[in-house]
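# Inside the fold
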Amino acid sequence: MSILDFFYNDVAVDLGTANTLIIQNGSIVVDEPSIIALDRTTNKMIAVGRKAMQMHEKTHDNIKTIRPLKDGVIADFHAAEHMIRGMIKMIHTAKWGVLTPLAHRMIICIPSGITDVEKRAVRDSAEHTGAKEVYMISEPIAAAIGIGIDIEAPVGSMIVDIGGGTTEIAVIALSGIVCDQSIRVAGDVFSKDILDYMRRKHNLLIGERTAEKIKIGVGAVLEELDAPPDDFEVRGRDLMTGIPKVVRVNYKEIASALEKSVLKIEEAILKALEISPPELSADIYENGIYLTGGGALLRGLDKRLAQRTQLPVHIAEDPLQAVARGTGVALKNLHSYKSVLMT
Ligand SMILES: Nc1ncnc2c1ncn2[C@@H]1O[C@H](COP(=O)(O)OP(=O)(O)OP(=O)(O)O)[C@@H](O)[C@H]1O
Ligand SMILES: [Mg+2]
(Lines give C-alpha, C1' and ligand atoms only; values in the text may rest on other atoms or scores of the structure.)
(Ligands and ions follow the chains in the order given, each with its own letter.)
Protein backbone atom coordinates (compact mmCIF):
# COMPACT_ATOMS: atom_id res chain seq x y z
CA MET A 1 0.00 0.00 0.00
CA SER A 2 1.34 3.42 -0.86
CA ILE A 3 0.72 6.81 0.68
CA LEU A 4 -1.39 7.57 -2.40
CA ASP A 5 -4.05 5.21 -1.16
CA PHE A 6 -4.61 7.68 1.60
CA PHE A 7 -5.69 10.31 -0.91
CA TYR A 8 -7.42 8.05 -3.40
CA ASN A 9 -9.89 6.65 -1.04
CA ASP A 10 -12.55 5.35 -3.39
CA VAL A 11 -15.04 2.82 -2.16
CA ALA A 12 -17.60 0.50 -3.74
CA VAL A 13 -20.59 -0.25 -1.57
CA ASP A 14 -23.17 -3.03 -1.83
CA LEU A 15 -25.81 -1.66 0.50
CA GLY A 16 -28.01 -4.72 0.93
CA THR A 17 -31.12 -5.38 2.96
CA ALA A 18 -29.31 -8.11 4.87
CA ASN A 19 -25.59 -7.39 4.39
CA THR A 20 -23.44 -4.41 3.51
CA LEU A 21 -20.11 -5.00 1.79
CA ILE A 22 -17.47 -2.40 1.05
CA ILE A 23 -14.68 -2.91 -1.45
CA GLN A 24 -11.53 -0.88 -1.64
CA ASN A 25 -8.64 -1.46 -4.04
CA GLY A 26 -10.23 -4.69 -5.19
CA SER A 27 -10.59 -6.33 -1.78
CA ILE A 28 -13.50 -6.65 0.59
CA VAL A 29 -12.76 -4.49 3.61
CA VAL A 30 -16.19 -4.58 5.24
CA ASP A 31 -18.73 -7.43 5.25
CA GLU A 32 -21.30 -6.86 7.98
CA PRO A 33 -25.02 -7.33 8.55
CA SER A 34 -27.02 -4.18 7.70
CA ILE A 35 -28.08 -3.23 11.19
CA ILE A 36 -27.31 -0.65 13.85
CA ALA A 37 -28.08 -0.29 17.54
CA LEU A 38 -29.09 3.12 18.89
CA ASP A 39 -29.57 4.55 22.35
CA ARG A 40 -33.28 5.21 22.54
CA THR A 41 -33.03 8.47 24.49
CA THR A 42 -30.02 10.17 22.90
CA ASN A 43 -30.35 8.49 19.47
CA LYS A 44 -26.58 7.93 19.55
CA MET A 45 -25.20 4.92 17.73
CA ILE A 46 -24.02 2.21 20.10
CA ALA A 47 -23.03 -0.48 17.63
CA VAL A 48 -23.02 -1.24 13.92
CA GLY A 49 -22.97 -4.47 11.93
CA ARG A 50 -22.17 -7.75 13.64
CA LYS A 51 -22.05 -6.19 17.11
CA ALA A 52 -25.48 -4.67 16.63
CA MET A 53 -26.79 -7.98 15.27
CA GLN A 54 -25.77 -9.69 18.52
CA MET A 55 -28.08 -7.29 20.33
CA HIS A 56 -30.97 -7.76 17.89
CA GLU A 57 -34.15 -9.01 19.58
CA LYS A 58 -32.33 -9.03 22.91
CA THR A 59 -32.52 -5.32 23.69
CA HIS A 60 -34.01 -3.60 26.75
CA ASP A 61 -35.86 -0.30 26.92
CA ASN A 62 -32.80 1.90 26.38
CA ILE A 63 -31.50 0.26 23.23
CA LYS A 64 -33.14 -0.31 19.89
CA THR A 65 -31.80 -2.10 16.86
CA ILE A 66 -32.71 -0.92 13.38
CA ARG A 67 -32.32 -2.54 9.99
CA PRO A 68 -32.31 0.61 7.82
CA LEU A 69 -33.20 -1.19 4.58
CA LYS A 70 -36.37 -2.95 3.73
CA ASP A 71 -37.19 -4.70 0.46
CA GLY A 72 -33.89 -3.57 -1.02
CA VAL A 73 -34.37 0.15 -0.44
CA ILE A 74 -33.59 2.55 2.37
CA ALA A 75 -36.55 2.69 4.74
CA ASP A 76 -34.89 4.73 7.51
CA PHE A 77 -32.56 7.43 6.18
CA HIS A 78 -31.18 8.59 9.48
CA ALA A 79 -30.27 5.02 10.41
CA ALA A 80 -28.86 4.26 6.95
CA GLU A 81 -26.50 7.24 7.10
CA HIS A 82 -25.31 6.26 10.55
CA MET A 83 -24.74 2.76 9.32
CA ILE A 84 -22.76 3.66 6.17
CA ARG A 85 -20.71 6.15 8.15
CA GLY A 86 -20.02 3.57 10.86
CA MET A 87 -18.93 0.99 8.33
CA ILE A 88 -16.67 3.40 6.44
CA LYS A 89 -15.10 4.27 9.76
CA MET A 90 -14.33 0.57 10.27
CA ILE A 91 -12.01 0.60 7.23
CA HIS A 92 -10.24 3.70 8.36
CA THR A 93 -9.67 2.69 11.93
CA ALA A 94 -8.31 -0.61 10.67
CA LYS A 95 -5.97 1.16 8.26
CA TRP A 96 -5.12 4.53 9.67
CA GLY A 97 -5.94 4.56 13.35
CA VAL A 98 -7.65 7.81 14.24
CA LEU A 99 -7.03 9.50 10.88
CA THR A 100 -10.18 9.34 8.81
CA PRO A 101 -9.77 10.69 5.29
CA LEU A 102 -12.94 11.40 3.34
CA ALA A 103 -14.08 8.95 0.75
CA HIS A 104 -13.53 10.67 -2.58
CA ARG A 105 -15.62 8.61 -4.91
CA MET A 106 -18.25 6.08 -4.13
CA ILE A 107 -20.10 3.59 -6.27
CA ILE A 108 -23.15 2.21 -4.61
CA CYS A 109 -25.47 -0.35 -6.10
CA ILE A 110 -29.21 0.00 -6.24
CA PRO A 111 -32.07 -2.35 -7.13
CA SER A 112 -33.13 -2.17 -10.77
CA GLY A 113 -36.72 -1.31 -9.84
CA ILE A 114 -35.83 1.70 -7.68
CA THR A 115 -37.80 4.96 -8.11
CA ASP A 116 -36.17 8.33 -8.79
CA VAL A 117 -37.05 9.51 -5.31
CA GLU A 118 -35.40 6.43 -3.79
CA LYS A 119 -32.37 6.94 -6.03
CA ARG A 120 -31.99 10.52 -4.86
CA ALA A 121 -32.23 9.36 -1.26
CA VAL A 122 -29.39 6.87 -1.78
CA ARG A 123 -27.26 9.60 -3.36
CA ASP A 124 -28.01 12.04 -0.53
CA SER A 125 -27.12 9.48 2.09
CA ALA A 126 -23.86 8.68 0.32
CA GLU A 127 -22.98 12.37 0.06
CA HIS A 128 -23.76 12.94 3.72
CA THR A 129 -21.24 10.29 4.63
CA GLY A 130 -18.47 12.23 2.91
CA ALA A 131 -18.43 10.99 -0.68
CA LYS A 132 -17.56 13.74 -3.13
CA GLU A 133 -18.61 11.94 -6.28
CA VAL A 134 -21.35 9.37 -6.12
CA TYR A 135 -22.14 6.86 -8.87
CA MET A 136 -24.83 4.25 -8.84
CA ILE A 137 -24.98 0.95 -10.63
CA SER A 138 -27.92 -1.39 -10.80
CA GLU A 139 -27.54 -4.61 -8.85
CA PRO A 140 -28.09 -7.15 -11.64
CA ILE A 141 -25.43 -5.44 -13.78
CA ALA A 142 -23.02 -5.42 -10.85
CA ALA A 143 -23.81 -9.09 -10.24
CA ALA A 144 -23.11 -9.92 -13.89
CA ILE A 145 -19.77 -8.08 -13.80
CA GLY A 146 -18.97 -9.87 -10.54
CA ILE A 147 -19.62 -13.27 -12.10
CA GLY A 148 -17.30 -12.36 -14.97
CA ILE A 149 -19.89 -12.01 -17.73
CA ASP A 150 -18.95 -9.69 -20.58
CA ILE A 151 -21.87 -7.30 -20.14
CA GLU A 152 -21.03 -5.28 -23.27
CA ALA A 153 -21.40 -8.25 -25.58
CA PRO A 154 -24.44 -8.52 -27.86
CA VAL A 155 -25.33 -11.69 -26.00
CA GLY A 156 -28.14 -12.04 -23.47
CA SER A 157 -27.50 -13.30 -19.95
CA MET A 158 -30.07 -13.94 -17.29
CA ILE A 159 -29.18 -13.08 -13.69
CA VAL A 160 -31.35 -14.06 -10.73
CA ASP A 161 -30.23 -12.33 -7.53
CA ILE A 162 -32.02 -13.62 -4.43
CA GLY A 163 -31.02 -11.29 -1.61
CA GLY A 164 -32.52 -10.53 1.77
CA GLY A 165 -35.23 -8.14 0.62
CA THR A 166 -35.78 -8.72 -3.08
CA THR A 167 -35.35 -11.23 -5.83
CA GLU A 168 -34.23 -9.46 -8.96
CA ILE A 169 -34.36 -11.17 -12.29
CA ALA A 170 -32.77 -9.40 -15.22
CA VAL A 171 -31.78 -10.12 -18.77
CA ILE A 172 -28.67 -8.14 -19.65
CA ALA A 173 -27.18 -7.45 -23.07
CA LEU A 174 -25.09 -4.63 -24.56
CA SER A 175 -24.47 -3.08 -21.12
CA GLY A 176 -28.11 -2.65 -20.35
CA ILE A 177 -31.07 -4.35 -18.74
CA VAL A 178 -33.35 -5.55 -21.50
CA CYS A 179 -36.11 -6.78 -19.24
CA ASP A 180 -36.46 -7.40 -15.56
CA GLN A 181 -38.73 -8.59 -12.81
CA SER A 182 -38.35 -7.67 -9.17
CA ILE A 183 -40.35 -9.27 -6.38
CA ARG A 184 -40.25 -8.75 -2.67
CA VAL A 185 -39.84 -12.41 -1.92
CA ALA A 186 -36.33 -13.28 -0.76
CA GLY A 187 -34.36 -14.21 2.37
CA ASP A 188 -36.45 -12.20 4.84
CA VAL A 189 -39.64 -13.82 3.59
CA PHE A 190 -38.04 -17.28 3.76
CA SER A 191 -37.13 -16.63 7.38
CA LYS A 192 -40.66 -15.48 8.11
CA ASP A 193 -42.02 -18.65 6.45
CA ILE A 194 -39.84 -20.74 8.74
CA LEU A 195 -40.86 -18.77 11.82
CA ASP A 196 -44.54 -19.25 10.97
CA TYR A 197 -44.01 -22.93 10.29
CA MET A 198 -42.33 -23.51 13.66
CA ARG A 199 -45.22 -21.83 15.43
CA ARG A 200 -47.90 -23.65 13.47
CA LYS A 201 -46.41 -27.13 13.34
CA HIS A 202 -44.32 -27.31 16.50
CA ASN A 203 -46.01 -24.76 18.78
CA LEU A 204 -42.61 -23.16 19.08
CA LEU A 205 -41.95 -19.43 19.19
CA ILE A 206 -38.60 -18.43 17.72
CA GLY A 207 -36.98 -15.12 16.74
CA GLU A 208 -35.76 -13.82 13.39
CA ARG A 209 -32.20 -14.86 14.05
CA THR A 210 -33.08 -18.44 14.93
CA ALA A 211 -35.22 -18.66 11.81
CA GLU A 212 -32.23 -17.54 9.78
CA LYS A 213 -30.01 -20.17 11.45
CA ILE A 214 -32.53 -22.87 10.52
CA LYS A 215 -32.59 -21.57 6.95
CA ILE A 216 -28.82 -21.75 6.67
CA GLY A 217 -28.64 -25.09 8.53
CA VAL A 218 -31.38 -27.06 6.78
CA GLY A 219 -32.86 -24.66 4.21
CA ALA A 220 -33.94 -26.56 1.10
CA VAL A 221 -36.37 -26.28 -1.79
CA LEU A 222 -36.58 -29.95 -2.75
CA GLU A 223 -37.99 -32.75 -0.62
CA GLU A 224 -35.35 -35.13 -1.97
CA LEU A 225 -31.75 -34.00 -1.80
CA ASP A 226 -28.66 -35.85 -2.97
CA ALA A 227 -26.66 -34.63 0.03
CA PRO A 228 -29.15 -34.05 2.83
CA PRO A 229 -27.99 -31.98 5.82
CA ASP A 230 -28.24 -33.29 9.40
CA ASP A 231 -31.40 -32.42 11.31
CA PHE A 232 -31.30 -29.12 13.11
CA GLU A 233 -31.90 -28.54 16.80
CA VAL A 234 -34.11 -25.50 17.34
CA ARG A 235 -34.43 -23.74 20.67
CA GLY A 236 -37.41 -21.56 21.36
CA ARG A 237 -40.36 -21.02 23.66
CA ASP A 238 -43.24 -23.44 23.88
CA LEU A 239 -46.39 -21.65 22.85
CA MET A 240 -48.55 -23.54 25.37
CA THR A 241 -46.38 -23.75 28.47
CA GLY A 242 -44.22 -20.67 27.94
CA ILE A 243 -41.18 -22.76 28.85
CA PRO A 244 -38.04 -22.93 26.67
CA LYS A 245 -37.83 -26.15 24.68
CA VAL A 246 -35.90 -27.89 21.91
CA VAL A 247 -37.32 -29.31 18.68
CA ARG A 248 -35.49 -31.12 15.88
CA VAL A 249 -36.38 -30.21 12.31
CA ASN A 250 -35.29 -31.73 9.03
CA TYR A 251 -34.80 -30.21 5.61
CA LYS A 252 -37.99 -31.74 4.19
CA GLU A 253 -40.06 -29.73 6.64
CA ILE A 254 -38.26 -26.56 5.66
CA ALA A 255 -38.74 -27.33 1.97
CA SER A 256 -42.48 -27.54 2.60
CA ALA A 257 -42.41 -24.32 4.64
CA LEU A 258 -40.67 -22.48 1.78
CA GLU A 259 -42.75 -23.97 -1.03
CA LYS A 260 -45.15 -21.06 -1.48
CA SER A 261 -42.38 -18.48 -1.68
CA VAL A 262 -40.23 -20.55 -4.01
CA LEU A 263 -43.20 -20.91 -6.37
CA LYS A 264 -43.44 -17.11 -6.53
CA ILE A 265 -39.78 -16.87 -7.51
CA GLU A 266 -40.25 -19.54 -10.15
CA GLU A 267 -43.21 -17.68 -11.58
CA ALA A 268 -41.23 -14.45 -11.78
CA ILE A 269 -38.41 -16.23 -13.60
CA LEU A 270 -40.84 -17.77 -16.07
CA LYS A 271 -42.40 -14.37 -16.61
CA ALA A 272 -38.98 -12.82 -17.31
CA LEU A 273 -38.23 -15.58 -19.81
CA GLU A 274 -41.58 -15.01 -21.45
CA ILE A 275 -40.99 -11.29 -22.02
CA SER A 276 -37.43 -11.66 -23.29
CA PRO A 277 -36.92 -10.85 -26.96
CA PRO A 278 -36.56 -14.13 -28.91
CA GLU A 279 -32.98 -13.51 -30.03
CA LEU A 280 -31.99 -13.20 -26.38
CA SER A 281 -34.02 -16.29 -25.48
CA ALA A 282 -31.75 -18.19 -27.82
CA ASP A 283 -28.71 -16.92 -25.88
CA ILE A 284 -30.27 -17.82 -22.55
CA TYR A 285 -31.11 -21.28 -23.87
CA GLU A 286 -27.43 -21.65 -24.60
CA ASN A 287 -25.90 -20.01 -21.51
CA GLY A 288 -28.54 -20.66 -18.90
CA ILE A 289 -29.38 -18.75 -15.74
CA TYR A 290 -26.90 -17.39 -13.18
CA LEU A 291 -27.90 -17.35 -9.53
CA THR A 292 -26.45 -14.85 -7.06
CA GLY A 293 -27.35 -13.52 -3.60
CA GLY A 294 -27.59 -15.51 -0.37
CA GLY A 295 -30.77 -17.25 -1.55
CA ALA A 296 -28.76 -19.03 -4.24
CA LEU A 297 -27.38 -21.18 -1.40
CA LEU A 298 -30.73 -22.80 -0.64
CA ARG A 299 -30.20 -26.52 -1.10
CA GLY A 300 -31.57 -27.87 -4.36
CA LEU A 301 -32.49 -24.51 -5.85
CA ASP A 302 -30.30 -24.89 -8.93
CA LYS A 303 -31.68 -28.37 -9.59
CA ARG A 304 -35.26 -27.30 -9.05
CA LEU A 305 -34.99 -24.28 -11.36
CA ALA A 306 -33.24 -26.39 -13.99
CA GLN A 307 -36.12 -28.88 -13.89
CA ARG A 308 -38.72 -26.15 -14.10
CA THR A 309 -37.13 -24.15 -16.93
CA GLN A 310 -35.24 -26.91 -18.72
CA LEU A 311 -32.27 -24.53 -18.80
CA PRO A 312 -28.78 -24.87 -17.34
CA VAL A 313 -28.60 -23.11 -13.96
CA HIS A 314 -25.29 -21.92 -12.51
CA ILE A 315 -24.66 -20.78 -8.95
CA ALA A 316 -22.13 -17.94 -8.79
CA GLU A 317 -18.85 -18.89 -7.17
CA ASP A 318 -19.46 -16.79 -4.08
CA PRO A 319 -23.09 -15.70 -4.40
CA LEU A 320 -23.03 -13.44 -1.33
CA GLN A 321 -20.17 -11.40 -2.75
CA ALA A 322 -20.85 -11.29 -6.49
CA VAL A 323 -22.64 -7.92 -6.47
CA ALA A 324 -19.99 -6.29 -4.30
CA ARG A 325 -17.15 -7.66 -6.41
CA GLY A 326 -18.80 -6.41 -9.59
CA THR A 327 -19.26 -2.98 -8.04
CA GLY A 328 -15.56 -3.04 -7.12
CA VAL A 329 -14.58 -3.87 -10.70
CA ALA A 330 -16.70 -0.98 -11.97
CA LEU A 331 -14.99 1.34 -9.49
CA LYS A 332 -11.57 0.32 -10.71
CA ASN A 333 -12.55 0.90 -14.32
CA LEU A 334 -14.84 3.89 -13.99
CA HIS A 335 -14.20 4.99 -17.55
CA SER A 336 -14.88 1.75 -19.31
CA TYR A 337 -18.07 1.21 -17.30
CA LYS A 338 -19.31 4.78 -17.65
CA SER A 339 -22.30 3.66 -19.70
CA VAL A 340 -23.71 1.55 -16.87
CA LEU A 341 -23.13 4.10 -14.10
CA MET A 342 -25.75 6.60 -13.02
CA THR A 343 -25.12 9.85 -11.23
N1 LIG B 1 -26.64 -20.77 3.20
C2 LIG B 1 -27.74 -20.03 3.04
N3 LIG B 1 -28.91 -20.60 2.69
C4 LIG B 1 -30.01 -19.86 2.51
N5 LIG B 1 -30.07 -18.53 2.67
C6 LIG B 1 -28.93 -17.90 3.02
C7 LIG B 1 -27.72 -18.60 3.21
N8 LIG B 1 -26.75 -17.71 3.56
C9 LIG B 1 -27.34 -16.51 3.58
N10 LIG B 1 -28.65 -16.60 3.26
C11 LIG B 1 -29.65 -15.53 3.20
O12 LIG B 1 -29.33 -14.65 2.17
C13 LIG B 1 -29.80 -13.35 2.50
C14 LIG B 1 -28.70 -12.35 2.32
O15 LIG B 1 -28.27 -12.38 1.00
P16 LIG B 1 -27.57 -11.11 0.35
O17 LIG B 1 -26.43 -10.67 1.20
O18 LIG B 1 -27.32 -11.44 -1.07
O19 LIG B 1 -28.76 -10.04 0.49
P20 LIG B 1 -28.67 -8.46 0.42
O21 LIG B 1 -27.81 -8.08 -0.70
O22 LIG B 1 -28.31 -7.93 1.75
O23 LIG B 1 -30.21 -8.10 0.14
P24 LIG B 1 -30.88 -7.31 -1.10
O25 LIG B 1 -30.02 -7.55 -2.28
O26 LIG B 1 -32.24 -7.92 -1.23
O27 LIG B 1 -30.95 -5.90 -0.65
C28 LIG B 1 -30.26 -13.39 3.95
O29 LIG B 1 -31.67 -13.45 3.99
C30 LIG B 1 -29.63 -14.67 4.45
O31 LIG B 1 -30.41 -15.26 5.48
MG1 LIG C 1 -28.00 -7.72 -2.70
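Predicted model only: the values in this text are computed from it and were never measured. (Residues numbered from 1 in each chain as written. Chains lettered and ligands numbered in written order. Predicted model: local features only at pLDDT ≥ 70, side-chain atom pairs only at ≥ 80, totals over all residues.)

### Overview of the overall build of the protein chain
This is how the line gets drawn: Runs of E in the DSSP output that reach at least two residues are strands. Runs of H or I that reach at least four are helices, and both are numbered from the N terminus. Between the two quantities, the radius of gyration covers C-alpha atoms and the globule rule is 2.2 Å times the number of residues to the power 0.38. As a rule, residues whose C-beta atom has 12 or fewer other C-beta atoms within 10 Å are exposed, those with 20 or more are buried, and those in between are partly exposed; C-beta atoms are placed from the backbone.
Tallying secondary structure elements over the protein chain gives eleven helices and 18 strands in all. Relative to the 2.2 N^0.38 estimate, which gives 20 Å for 343 residues, the radius of gyration of the protein chain is 21 Å and therefore close to what a compact globule would have. Projected onto its principal axes, the C-alpha positions of the protein chain cover 60 × 60 × 35 Å. For the protein chain, the proportion of its 343 residues judged to be buried stands at 46%.

### Remarks on the nonpolar core
The criterion, for reference: Nonpolar cores are identified as sets of buried Ala, Val, Leu, Ile, Met, Phe, Trp, Tyr and Cys residues joined via C-beta atoms within 7 Å. Residue pairs qualify as contacts under a 7 Å threshold applied to their C-beta atoms, which are placed from the backbone.
By size, the foremost hydrophobic cluster in this structure holds 99 residues, and its most contacted members are Ile36, Ile108, Ile137, Ile194 and Ile254. Ranked by residues supplied to this core, first place goes to helix α8 (residues 251-274) with ten residues. For isoleucine 194, the residues in contact, after removing those within four places along its chain, are Ala211, Ile214, Lys215, Ile254 and Ala257.

### Observations regarding the domain arrangement of the protein chain
Let me state the cut-off plainly: Boundary definitions for the domains trace back to an automatic or database domain assignment. Classes in brief: Ala, Val, Leu, Ile, Met, Phe, Trp, Tyr, Cys and Pro nonpolar; Asp, Glu, Lys and Arg charged; the others, Gly included, polar.
When cut into domains, the protein chain gives domain 1 (4-141 + 323-340), domain 2 (148-185 + 260-319) and domain 3 (187-257). Spacing between the C-alpha centres of domain 1 and domain 2 amounts to 26 Å. Contact residues are listed per partner, giving 17 residues for domain 1 and 17 residues for domain 2. For the side of domain 1 that touches domain 2, the secondary structure elements donating two or more residues are β7 (69-70) and α5 (139-147). For the side of domain 1 that touches domain 2, the element with the highest residue contribution is α5, accounting for three residues. Its residues placed into classes, the side of domain 1 that touches domain 2 shows seven nonpolar, seven polar and three charged.

### Brief notes about helix α11 (residues 322-332)
Most of α11 sits inside the fold, with nine of its eleven residues counted as buried. The complete set of buried residues in α11 reads Ala322, Val323, Ala324, Arg325, Gly326, Thr327, Gly328, Ala330 and Leu331.

### Remarks on the environment of arginine 50
By secondary structure assignment, the location of arginine 50 is in helix α2 (residues 50-55). Separated by 64 residues in sequence, arginine 50 and isoleucine 114 place their C-alpha atoms 27 Å apart.

### So, the site of ligand 1
Let me state the cut-off plainly: Here, nearness is defined through the C-beta atom: a residue counts as near a molecule or strand if that backbone-placed atom lies within 6 Å of it.
Near ligand 1 you find 22 residues, and of these Gly16, Ala18, Gly163, Gly187 and Gly294 are the closest. Taken together, the elements giving at least two residues each to the shell around ligand 1 come down to α6 (187-202) and α7 (208-218). Examining the composition of the shell around ligand 1, we find that three residues originate from one element, α7, more than from any other. Partitioning the shell around ligand 1 into residue classes produces six nonpolar, 13 polar and three charged.

### Brief notes about the pairing of strand β10 (residues 133-138)
Operational definition: For two strands to be treated as a pair, DSSP must find no fewer than two bridges joining them. Here a crossover is taken to be right-handed if, once the strands point away from the viewer, the path from the first strand over the helix to the second is traced clockwise.
When you tally the buried positions in β10, you get five out of six residues, the bulk of the element. Strand direction decides the pairing type here: strand β9 (residues 105-110) and β10, joined by six bridges, are parallel. Across the sheet, the residue bridging to arginine 105 is glutamate 133, located in β10. Read from β9 through helix α4 (residues 116-128) to β10, the crossover connection turns out right-handed.

### Quick look at the sheet that holds strand β1 (residues 11-15)
By definition, the strands of a sheet pair up through backbone hydrogen bonds, in either a parallel or an antiparallel sense. To keep things clear, this is the line we draw: In this analysis an axis means a line fitted to C-alpha atoms, helices contributing only their contacting stretch, and an angle means the value between N-to-C directions, from 0 to 180 degrees.
The strand order across the open sheet built from five strands is β3-β2-β1-β9-β10, with neighbouring strands paired in mixed fashion. Whereas interior strands pair on both sides, the edge strands pair on one side only; in this sheet they are β3 (27-33) and β10. Here the strands of the sheet are splayed against their neighbours by 20° on average, with no regard to which way each runs. Direction of pairing for β1 relative to strand β2 (residues 19-24): antiparallel, over a ladder of four bridges.

### Things to note about the packing of α6 against α8
Rules: Any angle from 65 to 115 degrees is called roughly perpendicular, while one under 35 is roughly parallel, one over 145 is roughly antiparallel, and all others are oblique. Less than a right angle of anticlockwise turn of the near helix away from the far helix marks a crossing as left-handed, whereas a clockwise turn marks it as right-handed.
At a minimum axis separation of 9 Å, α6 and α8 run at an interaxial angle of 130°. Comparing their axes, α8 and α6 come out oblique. Considering how the two elements wind past one another, α6 and α8 form a crossing that is right-handed. Along its contact with α6, which presents Val189, Phe190, Asp193, Ile194 and Tyr197, the element α8 presents Ile254, Ala257, Leu258 and Ser261. Among the residues making up the contact of α6 with α8, the classes are represented as seven nonpolar, one polar and one charged.

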